[in-house]
Amino acid sequence: MRFSLRSVSHCGCRVGTLSCTRAVNDGENKEVETPLCTLYTKKGSAPYLSVDMLKRIEKLPHIANMHLSSLADYTEALNKFQHGVGQFTALQDFLVYISVHDTGIEIPSGYNTKAGTAVWNKAGKKLIEPQQFVKCQEAFRPTFYQALSDSDTDKNSGKKRAMKAVDRTLDFLDTILELHKKSERLRDVGVFGSVEGGFHEEARMRSARETAARNVDGFVIEGFYAQNEKNKQIDVEEIKDLCNKVFKILPEEKPRLMHAVWSPDQVVMALELGIDVFDSCYPWLVTERGGALVFSFQYHNNSENEREARSTDGFEISLKDKSMFEDFGAPVPGCSCYTCQNFTRSYIHHLLNTSELLAPVLLMIHNFHHYFEFFESLRSSLKTDQFLKLKTLILEQRPSQEPPK
């Protein structure tokens, strides 16, 4: 894979193109514009949505993010299948990125070792060693993948723990790159190295320098939150200074990806740091708590009258709330998604309170649609030099308090 950095705005936002070659489908090449978010999946499928329902969503990302933790048990079956996890999950139209963990779920901390990384699913813990990890990737045949890492650190981790995370991650990376180079199946597959080190500057700088010296195709910035708080919403202000120092070390011509729970305000601030690729587990978490995304990203219409008419509920509303009982309007008036065009807040409120399976389906359709449209608006604003207008609009809508969990 190849990344072409087309421009960097005066505020630090990067605009580029990822050129990816599929490991299957006769080596088809695809170009994807950045900044972008990946399609969040569970065991290779969009949460609650069949492939047909997924196709009802506009502006779908070109890249589906699948997780080693949920797919590792299917390695043998995928190896026999031989056509890759994309076709196996009926997402063959997407480029596939395999990350180590699922950002949206909390998993136990303290189980990584120098031999490998602990991944968790419903069957329990599974320690993945580098050799086994590469065999998994040969069976998955993704477009690119994140190398094994020890990201189980946070602001409370001591320097010794941060350094250990860096050492382990670099050792894993060296072994994986050596095995990757020898694998015929992984010839056209990209490898992203992880930059670790918790909140310790010395550890972060070393991780960035050493990872950049390896033959990787991009970088995953992680290790700011422990594994048992994976679904904690990111706070860019906490990591801003450290990321600025790290990004001065990383080569500009390679993409930077960061797994996190990205609310709209954190996305616009992270773009100014220089992040290119984002996670999209945030719409799923909003769906899980019975919420609908309602924030505006129409910066062209950010007049005084528009601001007065805009919802004051923050980024989302709860359709479980009693106030929705007789609200017969669309979840978001004017939204073109299938849910908003065909169903009311009152009806979805009823579905939620009677635990009908249709409720998360309809919410997932809307929340994905809304979030992906937001990223389309971000790319458009950067092309037309209107990003600061969009940033101002998003920050004006920040909620006064944290949403319910």
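To be clear, the structure that these remarks concern was listed above.
Since this is a predicted model, take the numbers as computed values, not measurements. Residue positions are counted from 1 within each chain, in the order its sequence is given. With the structure being a predicted model, the display of local features is reserved for residues of pLDDT at least 70 and the display and counting of side-chain atom pairs for 80 or more, all residues being used for whole-chain, interface and lining totals. The basis for every side-chain value is the complete set of heavy atoms in the structure, and neither hydrogens nor water enter the calculation.

## Some thoughts on the side chain of T38
Right, so step 1: With respect to the secondary-structure elements, T38 resides in the loop between β4 (36-37) and β5 (39-40).
Right, so step 2: Buried means the residue's accessible area, taken with a 1.4 Å probe over protein chains only, is under 20% of the maximum for its type, while exposed means over 50%, and partly exposed covers the values in between. Using a relative accessible area of 2% as the deciding quantity, one classes T38 as buried.
Right, so step 3: Pairs of residues are marked as contacts when any of their non-hydrogen atoms sit within 4.5 Å. Not counting the four nearest positions on each side in its chain, T38 is found in contact with P61, I63, N65, V277, F278, D279, S280 and F372. Under the DSSP-based scheme used, a helix requires at least four consecutive residues in state H or I and a strand at least two consecutive residues in state E, with every element numbered from the N terminus.

## Some thoughts on the pairing of strand β1 (residues 2-8)
Right, so step 1: Bridge analysis of β1 against strand β2 (residues 14-21) gives 6 bridges, and the strand direction is antiparallel. Within the sheet, the bridge partner assigned to R2 lies in β2 and is S19.
Right, so step 2: Two strands are counted as paired when DSSP detects at least two bridges linking them. In textbook terms, the turn of a hairpin is the stretch between consecutive antiparallel strands, and for β1 and β2 this stretch comprises 5 residues, one of which, G12, has a positive phi near 100°.

## Things to note about the sheet that holds β1
Right, so step 1: Taken together, 3 strands build an open sheet; the order of strands is β1-β2-β3 and the sheet is antiparallel. Only two strands of the sheet have a single neighbouring strand rather than two, namely β1 and β3 (29-34). If you compare each strand with its neighbour and ignore which way they point, the axes differ by 15° on average.
Right, so step 2: The strands touched by helix α14 (residues 358-383) are β1, β2 and β3; relative to β3, the strand with the most contacts, the crossing angle is about 75°. In this analysis, axes come from line fits to C-alpha atoms, helices being fitted only over the stretch in contact, and the angle between any two N-to-C directions falls in the range 0 to 180 degrees.

## Thoughts on the packing of aromatic side chains
Right, so step 1: Note on aromatic pairs: the rings of Phe, Tyr and Trp (six-membered ring only in Trp) are paired at centre separations within 6.5 Å, and the planes decide the class, stacked below 30 degrees, edge-to-face beyond 60, tilted for the rest. This structure, assessed with the given rule, holds 21 aromatic pairs.
Right, so step 2: Ring geometry for F133 versus Y145: centroids 5.5 Å apart, planes at 70°, classification edge-to-face. Here F133, found in helix α5 (residues 130-140), pairs with Y145, found in strand β10 (residues 144-146); they are 12 residues apart in sequence, far enough to count as distant.
Right, so step 3: On the basis of relative accessibility, which here comes to 1%, the residue F133 falls in the buried class.
Right, so step 4: Residue classification places Y145 among the buried positions, given a relative accessible area of 0%.
Right, so step 5: Here the aromatic rings of F295 and F374 are separated by 5.2 Å at their centres, their planes lie at 90°, and the arrangement is edge-to-face. With F295 in the loop between β15 (291-293) and α11 (304-309) and F374 in helix α14, the pair connects residues that are 79 residues apart, well separated along the chain.

## Some details on the pattern of salt bridges
Right, so step 1: Each salt bridge in this description consists of a side-chain nitrogen of Lys or Arg and a carboxyl oxygen of Asp or Glu lying within 4 Å of one another. Summed over the entire model, instances satisfying the criterion amount to 20 salt bridges.
Right, so step 2: R168 is the partner of D150 in a salt bridge, and the nearest nitrogen-oxygen pair spans 3.0 Å. Linking D150 in the loop between β10 and α6 (159-182) with R168 in helix α6, this pair joins segments that are 18 residues apart in sequence. Note on accessibility: D150 and R168 belong to one class, buried.
Right, so step 3: Note that E201 is salt-bridged to K245, the shortest N-O span being 2.9 Å. Of this pair, E201 sits in helix α7 (residues 201-212) while K245 sits in helix α8 (residues 236-249); the two residues are 44 residues apart in sequence, bridging distant segments of the chain.
Right, so step 4: We classify K245 as partly exposed; its relative accessible area is 37%.
Right, so step 5: Connected through salt bridges with shared partners, the residues D150, R161 and R168 form a single ionic network.

## With respect to α8
The periodicity of an α-helix, 3.6 residues per turn, causes residues three or four positions apart to be oriented the same way.
Right, so step 1: The span one expects for a helix is its residue count, reduced by one, times 1.5 Å. For α8, which comprises 14 residues, the first-to-last C-alpha distance of 19 Å matches the rise-based estimate of 20 Å (1.5 Å per residue) to within 8%.
Right, so step 2: The sharpest bend along α8 reaches about 35° and sits at L242.
Right, so step 3: In this fold, the buried residues of α8 make contact with β11 (190-195), α7, β12 (218-221), β13 (256-258) and α9 (264-273).
Right, so step 4: Taking the backbone nitrogen of E237 as reference, a side-chain oxygen 3.2 Å away marks D235 as the first, capping residue of α8. Note that bend, as reported per residue, equals the angle between axes fitted to the 7 residues terminating at that residue and the 7 residues originating from it. Two N or O atoms form a polar contact when they lie within 3.5 Å of each other; inside protein one atom must be a possible hydrogen donor and the other a possible acceptor, and for residues adjacent in sequence the pair counts only when both atoms belong to side chains.

## Digging into the pairing of β11
Right, so step 1: For β11, a buried count of 6 out of 6 residues is recorded, marking the element as mostly surrounded by other parts of the structure.
Right, so step 2: Burial of the side chains of β11 extends over both faces: G190, F192 and S194 are buried on one face and V191, G193 and V195 on the other.
Right, so step 3: Sheet analysis places β10 next to β11, joined by 3 bridges and oriented parallel. Residue pairing for β11: F144 is matched across the bridge by G190.
Right, so step 4: As for the winding sense of the linkage, the β-α-β connection from β10 through α6 to β11 is right-handed. When the strands point away from the viewer and the path from the first strand over the helix to the second turns clockwise, the crossover is right-handed.

## Topic: the sheet that holds β13
Right, so step 1: Spatially, β4-β14-β13-β12-β11-β10-β7-β6-β5 is the arrangement adopted by the 9 strands of the open sheet, whose pairing is parallel. A single partner strand is all that each edge strand has here, and the edge strands are β4 and β5.
Right, so step 2: Sheet topology places β4 next to strand β14 (residues 277-278); 2 bridges connect them, and they run parallel. For L36, the partnering residue across the bridge sits in β14 and is V277.
Right, so step 3: The strands touched by α7 within the sheet are β11 and β12, with β11 carrying the most contacts at an inclination of about 160°.

## Some remarks on the nonpolar core
Right, so step 1: Core analysis: the largest hydrophobic core is formed by 91 residues, its most contacted members being L68, W262, Y371 and F374.
Right, so step 2: Sort the elements by how many residues they give to this core and α14 lands first, with 10 residues.
Right, so step 3: In this structure L68 touches I98, S99, V100, V119, I128, F133, C136, Q137, F140 and L148, once residues within four positions along its chain are discounted.
Right, so step 4: Core analysis: the next-biggest nonpolar cluster, separate from the first, contains 17 residues, V294, I317, V332 and C337 among them. Only buried residues count toward a nonpolar core. Its members are Ala, Val, Leu, Ile, Met, Phe, Trp, Tyr and Cys residues joined through side-chain atoms within 4.5 Å.

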